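# Chain and residue survey
The primary structure of each chain is shown beneath.
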Amino acid sequence: MADPDEHLLTPSQRHLLDQQKRANPSPRPVDVQGSLSQAGRYRIDPAHASKALAKLQEALKEVRSIGEAARELQRLDPPYNDPYSKAAVKSIVQRASDEQGCHGKANKDLETTIQNMIENIKAMVREHQNTEDKNVGIGGNRS
């Protein structure tokens, strides 16, 4: 089934989409909720935690910016008072909303997931540092 918004893609985006369709002609639906619940199970080397945190903070900032753009779309007014403009704006507003299956909901879920990952990494770094401090306190060597 074709995506109803494919006509909005740039030529390079359309080319990439065509490549993905050729690579996987029969994609299986993705369990988004299941995928989101897996986010806290990754392991990160404490030595690289600051790099991971920086990248996640950058991603969170971008997701929040996209969320603001979606909220702006929800306040969109039709450019003309004709039924076609009204229907188009209604469709855009609905897709940008926080309803299940819409952009706003997916964006909020992604923001929550990234924020949880950030908090988990920070907790892991604190736990690692506390363990290192205890090891030093009992005569161990810092690695």
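Residues numbered from 1 in each chain as written. Predicted model: local features only at pLDDT ≥ 70, side-chain atom pairs only at ≥ 80, totals over all residues. Heavy atoms only, no water.

## What about the pattern of salt bridges?
Pairing between side chains of opposite charge can happen when the charged atoms of each approach one another. Spelled out, the test is: For this analysis, a salt bridge means a side-chain nitrogen from Lys or Arg found within 4 Å of a carboxyl oxygen belonging to Asp or Glu. Put simply, DSSP marks the helices as runs of H or I at least four residues long and the strands as runs of E at least two long, and each gets a number from the N terminus on. A simple rule labels every residue: compare its accessible area, found with a 1.4 Å probe on the protein chains alone, to the largest value its type can have, and call it buried under 20%, exposed over 50%, or partly exposed in between.
On inspection of all chains with the given rule, the structure shows five salt bridges. For Glu68, the salt bridge goes to Arg71, with nearest N and O atoms at 3.4 Å. Taken together, the positions of Glu68 and Arg71, both in helix H3 (residues 49–73) and three residues apart, correspond to about one turn of that helix. The partner of Lys108 in a salt bridge is Asp98, and the shortest N-O contact between them spans 3.0 Å. Residue Lys108 is located in helix H5 (residues 103–137), and its partner Asp98 is located in the loop between helix H4 (83–95) and H5; the two are separated by 10 residues in the primary sequence. On the accessibility criterion, Lys108 (42% relative accessible area) is partly exposed. Exposure remark for Asp98: the relative accessible area of 38% places this residue in the partly exposed category. What you see here is one network of salt bridges that share partners, running through Glu68, Arg71 and Arg75.

## Looking at a nonpolar patch on the surface
The test is simple: Like-charged residues are merged into a patch within 9 Å and nonpolar side chains (Val, Leu, Ile, Met, Phe, Trp, Tyr) within 5 Å, provided each residue has over 30% relative accessible area and no salt bridge. For the area figures, the Shrake-Rupley method with a 1.4 Å probe applies, and any residue is considered shielded solely by the protein chains shown.
Nonpolar side chains collect at one region of the surface, where Leu73, Leu76 and Ile92 lie side by side and expose about 210 Å² of accessible area between them. Checked against the element boundaries, Ile92 lands in helix H4. We classify Ile92 as partly exposed; its relative accessible area is 37%.

## Here we look at H3
Residues that lie three or four places apart on an α-helix share one face, since the helix turns once every 3.6 residues. Definition in use: Between the first and last residue of a helix there are one fewer steps than residues, each counted as 1.5 Å, and that sum is the expected span. The criterion used for residue contact is that any of the two residues' heavy atoms lie within 4.5 Å.
Its 25 residues give H3 an end-to-end C-alpha distance of 36 Å, which sits within 8% of 36 Å, the value for a rise of 1.5 Å per residue. In this structure, the buried residues of H3 make contact with H5.

## Section: the packing of H3 against H5
Between two packed helices, the angle of one axis relative to the other and the distance separating the axes together describe the packing. Put simply, the rule is: Axis lines are fitted through C-alpha atoms, for helices just across the contact stretch, and the angle between N-to-C directions can take any value from 0 to 180 degrees. Should an angle fall under 35 degrees it is taken as roughly parallel, and over 145 as roughly antiparallel, whereas 65 to 115 is taken as roughly perpendicular and any remaining angle as oblique. Handedness of a crossing follows from how the near helix is turned relative to the far one, being left-handed for an anticlockwise turn of less than a right angle and right-handed for a clockwise one. Amino acids outside the nonpolar list (Ala, Val, Leu, Ile, Met, Phe, Trp, Tyr, Cys, Pro) and the charged list (Asp, Glu, Lys, Arg) are all regarded as polar, and Gly is one of them.
Two elements in contact, H3 and H5, have axes whose closest approach is 9 Å; the angle formed by their N-to-C orientations is 160°. Of the possible angle classes, the one that applies to H3 and H5 is roughly antiparallel. Pair H3 / H5 crosses with left-handed handedness. On H5, the residues touching Ala49, Ala52, Leu53, Leu56, Gln57, Ala59, Leu60, Val63, Arg64, Ile66, Gly67 and Ala70 of H3 are His103, Asn107, Leu110, Glu111, Ile114, Gln115, Met117, Ile118, Ile121, Lys122, Met124 and Val125. Counted by class, the contact of H3 with H5 contains 16 nonpolar, five polar and three charged residues.

## Digging into the nonpolar core
Heads up, the rule is: We define the nonpolar core as a collection of buried residues of types Ala, Val, Leu, Ile, Met, Phe, Trp, Tyr and Cys that are connected through side-chain atoms lying within 4.5 Å of one another.
One finds Ala49, Leu53, Leu56, Leu60, Val63, Ile114, Ile118 and Ile121 forming the largest nonpolar core, which totals eight residues. Sorting the residues of this core by element identifies H3 and H5 as the ones contributing at least two each. Per element, the largest residue contribution to this core is five residues, and it comes from H3. When neighbours within four sequence positions are excluded, Ile114 is seen to be in contact with Leu56, Ala59, Leu60 and Val63.

## So, the environment of Gln57
Relative to the assigned elements, Gln57 resides in helix H3. Sequence-wise, Gln57 and Gln115 are 58 residues apart; in three dimensions their C-alpha atoms are separated by 8.4 Å.

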